[in-house]
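# Residue-level structure breakdown
Spelled out from the first residue to the last, the chains are:
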Amino acid sequence: MTAKLAVALDIKNTEEALSLLNSLKGEDLIIKIGYLLFIKEGPNIVKKIKDMGFSVFLDLKLHDIPNTVYNGVKSAVELEVDYLTIHTLGGVEMMKKAVEAKEDSDLKLLGVTVLTSHSEEYTEYIGSRYGLHQLALKLARTAVDTGIDGIVCSPFEVRQIKEKINKKFIAVTPGIRIENSDDDQKRVATPEFAVREGSDILVVGRPIIKAKDKKKVVREILEKIKDA
Ligand code: C5P
């Protein structure tokens, strides 16, 4: 499978967001929307994006009691969302109900493990006997075993996670940068690197959203993915 590009539509102004999508019509893209647009615009924005011919990735990171998550997933199926995130920390029962809710629809459930904003102190906070990395791996494995379709992880850990979890799943990687322009010290995951490491869906936000010529950057990334 060729890797796909998910554009994180982190734009506050709805008109601006839709006008960007209009200029991208015809490209094979997944559009990721989250709190910023979905809480304000609701299902209408999902329908508009679908009508433009894009796949929709609803990044709401569900985490609640199993029955409530079941209802949320059912609503996402009705809305014909293509990808939906849930927190694997919500537990096995919650994930089982999420899988049950999607039934035989085309919705793909993506499990978030440990958010990259957390540091080692977090494991102490939740009383885990695992370190951050080990905890993320354990959560990913449990999610895949429960029937979750994919895992959100860093491009730097995707190879290891794929090697350690011996089952098929969709690896979704944010944190992609086109070039290392700001800081020579930081490791940067380029689109080519992410694909070679095993990423199936590359999530890119600011490198596209903040670019002057957004369409050009999208095309460049799509080329890089194809040639990786
Ligand atoms: O950094 P960038 O703007 O490319 O981020 C793209 C998207 O990836 C954002 O919408 C952000 O919420 C998401 N993200 C994530 N997990 C991370 C880092 C970013 O889901 N660890």
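Each remark here, short or long, concerns the structure printed above.
The notes below deal with the structure included here.

Reading guide: rules and limits
Residues numbered from 1 in each chain as written. Predicted model: local features only at pLDDT ≥ 70, side-chain atom pairs only at ≥ 80, totals over all residues. Heavy atoms only, no water. Helix = DSSP H or I, 4+ residues; strand = E, 2+ residues; numbered from the N terminus. Rg over C-alpha atoms; globule rule 2.2 N^0.38 Å. Buried < 20%, exposed > 50% of the residue type's maximum accessible area, 1.4 Å probe, protein only. Contact = heavy atoms within 4.5 Å. Areas by Shrake-Rupley, 256 points an atom, 1.4 Å probe, with all protein chains shown as cover. Lys, Arg positive; Asp, Glu negative; His and termini not counted. Charge placed at Lys NZ, Arg CZ, Asp CG, Glu CD. Near = heavy atom within 4 Å. Polar contact = N/O pair within 3.5 Å; in protein donor to acceptor, adjacent residues only side chain to side chain. Nonpolar A, V, L, I, M, F, W, Y, C, P; charged D, E, K, R; others polar. Phe/Tyr/Trp six-rings, centres within 6.5 Å; stacked < 30°, edge-to-face > 60°. Lys NZ or Arg CZ within 6 Å of the ring centre and 35° of its normal.

A tally of helices and strands in the protein chain yields 11 helices and eight strands. Expected size for 228 residues packed as a compact globule is a radius of gyration near 17 Å; at 17 Å, the protein chain falls within 12% of this value. Dimensions of the protein chain, computed from the C-alpha atoms along their principal axes, are close to 45 × 45 × 30 Å. Here the protein chain, with 228 residues, has 48% of them falling under the buried criterion. Long-range contacts, defined here as pairs at least 24 residues apart, represent 69% of the contacts in the protein chain between residues at least 6 apart. Of the accessible surface of the protein chain, which amounts to about 12,200 Å², a share of 46% is contributed by carbon and sulfur atoms. Counting 35 positive and 35 negative side-chain charges, the protein chain places the centres of these two groups 1 Å from one another.

Our next topic: the site of the ligand. In the vicinity of the ligand, the contacting residues are Ala 8, Asp 10, Lys 32, Lys 61, Thr 116, Pro 174, Arg 177, Val 203, Val 204, Gly 205, Arg 206 and Pro 207. Contacts to the ligand include Thr 116, whose side-chain N or O atom sits 2.6 Å from a nitrogen atom. Between the ligand and Gly 205, the relevant distance is 2.8 Å, taken from an oxygen atom to a main-chain nitrogen or oxygen of the residue. Coverage of the ligand by the protein amounts to 75% of the 470 Å² it exposes when considered alone. Listing elements by their share of the shell around the ligand, those giving two or more residues are strand E8 (201-204) and helix H10 (206-209). Here the shell around the ligand is built from residues that sort into five nonpolar, two polar and five charged.

Taken as a whole, this structure holds three aromatic pairs when the rule is applied. A centroid spacing of 6.3 Å and a plane angle of 35 degrees characterise the contact between Tyr 122 and Tyr 125, whose relative ring orientation is tilted. Here the residue Tyr 122 and the residue Tyr 125 both occupy positions in helix H6 (residues 121-125), the gap between them amounting to three residues, near one helical turn. Judged by relative accessible area, Tyr 122 falls into the buried class, the value being 14%. Stacked on the ring of Tyr 70, the Lys or Arg Lys 97 has its end atom at 4.9 Å from the ring centre. Residue placement shows Lys 162 over the ring face of Phe 169; its charged tip is 6.0 Å from the ring centre.

Read these as spatial facts, not as claims about activity.
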